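# Understanding the architecture of this molecule
For reference, the chains in residue letters:
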Amino acid sequence: MGNLHDMTLTELGAGLSARKFSSREIADALLARIEKADGKLHAFTEVYAKEARTLADAADTARASGFPLGPLHGLPVAYKDLCDIKGRIGTGGSKMWAKRVATETSATVERLTAAGMVPLGKLHMVEFAFGGSGTNPLMGAPWNPWDLKTHRVPGGSSSGTGVAVAARLTPAGIGSDTGGSVRIPSAFNGLVGLKVTFGRISLHGTMLLSWTLDSIGPMARSVEDCALMLNALAGPDPRDPTTLDQPLEDFAAAARGGSIEGMRVALPDSKQLPEFMHPDVTQAWQAAARTLESLGATVEAVKLPEWFFAMAQANGTISTSEMFSLHRDWIEDMSKAIGPGVRARGMQARHFAPGAYAGELRAMKQRRAAFNAWMEPYDALLLPAVAVPAIPLAEVDEVSPIPSYLTRPGNYLGLCGLSMPSGFSGGLPLGIQIMGKPYAETTVLRLGKAFQDATDFNKRAPNLKELGL
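So, a few notes on the structure that sits alongside this text. Quick caveat, the model's predicted, so the values are computed rather than measured.

With that settled, the discussion passes to the overall build of the protein chain. The helix and strand inventory of the protein chain stands at 14 helices and eleven strands. When its C-alpha atoms are laid out on the principal axes, the protein chain stretches across 60 × 60 × 50 Å. A total of 469 residues make up the protein chain; the buried ones form 61% of that total. Across the protein chain, the fraction of contacts at a sequence separation of at least 24, relative to all contacts at a separation of at least 6, is 78%. Split by element, the accessible area of the protein chain, about 17,500 Å² in all, is 53% carbon and sulfur. Each charge sign in the protein chain was given a centre, from 46 positive and 46 negative side chains, and these centres are 2 Å apart.

Have a look at this one:
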């Protein structure tokens, strides 16, 4: 059977179709791996071992019928613990909610379950999804598997998803992205992560951080896998009106490969990047541009609008204001078990000038129109995903802008984006982000697939022999 844990969703699906192995064998292999590794890696809040085996057996029974099944049927997945499942614990990353039982099921879980996916469990995250480093002092931060000696940041807020997928505990998982929370952990863990356009995937039954900026997104080890999951997840949902105006597309078709000849990719002047850029990140980003150019894309040197990176702070004003509105009752109650960093950042909203939030919403609409005009000639914008490799957890500054500085503008401007592994620095993964226009997921997937096929970064795996794997 080979190493089932090393296979992507696409590879596992092909193996199931060819009857090389069963869904139960996949589930058993991954559950055994979780049992060995997660004591150290701390990716899962809860493992659904019994449920996974039962649903895997059901998937095998369905396959034995000979009836046509979808491409995700019988394949495993794990969920960031803000996707509620009725009757199950859902913590949202907060110790305060360690016994909170969900009363409804998120649209994300509904759709992937309907597609036949087998849930392995729920995954750790930054409390309330409010942080880019991946810290969680009360529930524990997952351990970045690329360095088992030093506890390094996993990236946030989808920290558990990043660690679980990188460590081959699951071939794919669900994250969310409000200011970079799919792209940051994807970069720190060497994954492919898709930040979809706001409104592309329903947020029904998802714990919100920001109703203006939140998006659900797949995290996996190949572009094809992200596209397969998006095919199942995208689409109108009357319970979330923001999803009703989207175009309907076949994302998997865009990820099958093909020429990118003549596609125009904007490459910003490196002098516009922040001073805290690590040189290896910059070099990997520039090398990625050369790779795309060698594949036929037209890479054009550009100057970003002078206000582009100022959008990181503007994004923060909006997300902090909305987070405080949602969680104020317990953030201000000092008896509640909430991490000090998250509480302090949330309390900043109390000091915003009157009208600051409304002013930012108005300015955001204007900036989006201006950037859409700037972006019109280009198919994509190529940026580094995170300015630095993963740092030791002990060195985290909870108010540092570094983790999400390069990613937040994408949310603020309503863009979609694909985070891709682009190299290594001292054995730690680096990432780029291919940013596209609103609802241009097929474009970024096409470019990402071409880059993936020309490199092997997505195939690299951390060495977990120390954990008996």
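This is not the end of the story, as more comes after the structure.
Take the sheet that holds strand 6 (residues 216-220) next. Taken in spatial order, the eleven strands line up as 1-3-2-4-6-5-10-11-9-7-8 in an open sheet, and their pairing is mixed. Here the strands that pair on one side only, and so sit at the sheet edges, are strand 1 (44-47) and strand 8 (298-302). Averaged over all pairs of adjacent strands, the angle between their axes in this sheet comes to 25°, without regard to strand direction. Pairing of strand 4 (residues 172-176) with strand 6 involves five bridges; the strand directions are antiparallel.

Attention now moves to the nonpolar core. Counting 128 residues, the largest nonpolar core has Leu41, Phe44, Leu112, Leu381 and Leu382 as the members making the most contacts within it. What Leu112 contacts, discounting residues up to four positions off in sequence, is Leu72, Val77, Tyr79, Met117, Ile174, Met229, Ala232 and Leu233. In terms of nonpolar packing, the next biggest core, distinct from the first, is built from eight residues, Ile184, Ala187, Ala385 and Val396 among them.

Quick look at the side chain of Ser319 now. For Ser319, the location among the structural elements is in helix 10 (residues 311-331). Apart from residues lying up to four places away in sequence, Ser319 is in contact with Thr178, Leu209, Ser210 and Leu213.

On to the packing of aromatic side chains, then. Counting across every chain of the model gives ten aromatic pairs. Arranged with centres 5.5 Å apart and planes meeting at 20°, the rings of Phe309 and Tyr405 form a pair that is stacked. Pair noted here: Phe309 is in the loop between strand 8 and helix 10 and Tyr405 is in the loop between strand 9 (380-384) and helix 13 (408-412), with a separation of 96 residues, a long-range link. Taking the relative accessible area as the measure of exposure, Phe309 reaches 9% and is therefore buried. Plain terms: the ring middles of Phe371 and Trp374 are 5.2 Å apart, the flat faces sit at 20° to each other, and that makes the pair stacked.

A word on helix 2 (residues 23-41). A turn of α-helix holds 3.6 residues, and therefore any two residues three or four places apart point the same way. Largest kink in helix 2: about 40°, centred on Glu35. Looking at helix 2, one finds that the buried residues are Ser23, Ile26, Ala27, Leu30, Leu31, Arg33, Ile34, Ala37, Asp38 and Leu41. Once helix 2 ends, the next one or two residues include His42, with phi positive near 60°.

Working definition: two side chains of opposite charge can pair if their charged atoms are close together. Evaluated as defined, the whole model comprises 22 salt bridges. Between Arg350 and Glu332 there is a salt bridge whose closest N-O contact spans 3.3 Å. Pair noted here: Arg350 is in the loop between helix 11 (340-347) and helix 12 (356-375) and Glu332 is in the loop between helix 10 and helix 11, with a separation of 18 residues, a long-range link. Connected via shared salt-bridge partners are Arg24, Asp28, Arg53 and Asp57.

Moving on to the environment of His204. Considering the arrangement of structural elements, one finds His204 in the loop between strand 5 (192-195) and strand 6. Exposure remark for His204: the relative accessible area of 17% places this residue in the buried category. For His204, the side chain forms a polar contact with the side chain of Arg239, separated by 3.3 Å.

What follows covers the packing of helix 7 (residues 223-233) against helix 14 (residues 441-454). For the pair helix 7 and helix 14, interaxial distance at closest approach is 9 Å and the crossing angle is 155°. As summarised for this structure, helix 7 and helix 14 are arranged roughly antiparallel, according to the angle between their axes. Residues Val223, Glu224, Ala227 and Leu230 of helix 7 form the contact with helix 14, whose participating residues are Glu441, Leu445, Gly448, Lys449 and Gln452. Of the residues belonging to the contact of helix 7 with helix 14, the class tally is four nonpolar, two polar and three charged.

Conventions used here
- Residues numbered from 1 in each chain as written.
- Predicted model: local features only at pLDDT ≥ 70, side-chain atom pairs only at ≥ 80, totals over all residues.
- Heavy atoms only, no water.
- Helix = DSSP H or I, 4+ residues; strand = E, 2+ residues; numbered from the N terminus.
- Buried < 20%, exposed > 50% of the residue type's maximum accessible area, 1.4 Å probe, protein only.
- Contact = heavy atoms within 4.5 Å.
- Areas by Shrake-Rupley, 256 points an atom, 1.4 Å probe, with all protein chains shown as cover.
- Lys, Arg positive; Asp, Glu negative; His and termini not counted.
- Charge placed at Lys NZ, Arg CZ, Asp CG, Glu CD.
- Pairing = 2+ DSSP bridges.
- Axes fitted to C-alpha atoms, helices over the stretch in contact; angles between N-to-C directions.
- Core = buried A, V, L, I, M, F, W, Y, C linked by side-chain atoms within 4.5 Å.
- Phe/Tyr/Trp six-rings, centres within 6.5 Å; stacked < 30°, edge-to-face > 60°.
- Bend = angle between axes of the 7 residues up to and from the residue.
- Salt bridge = Lys/Arg side-chain N within 4 Å of Asp/Glu carboxyl O.
- Polar contact = N/O pair within 3.5 Å; in protein donor to acceptor, adjacent residues only side chain to side chain.
- Parallel < 35°, antiparallel > 145°, perpendicular 65-115°, else oblique.
- Nonpolar A, V, L, I, M, F, W, Y, C, P; charged D, E, K, R; others polar.

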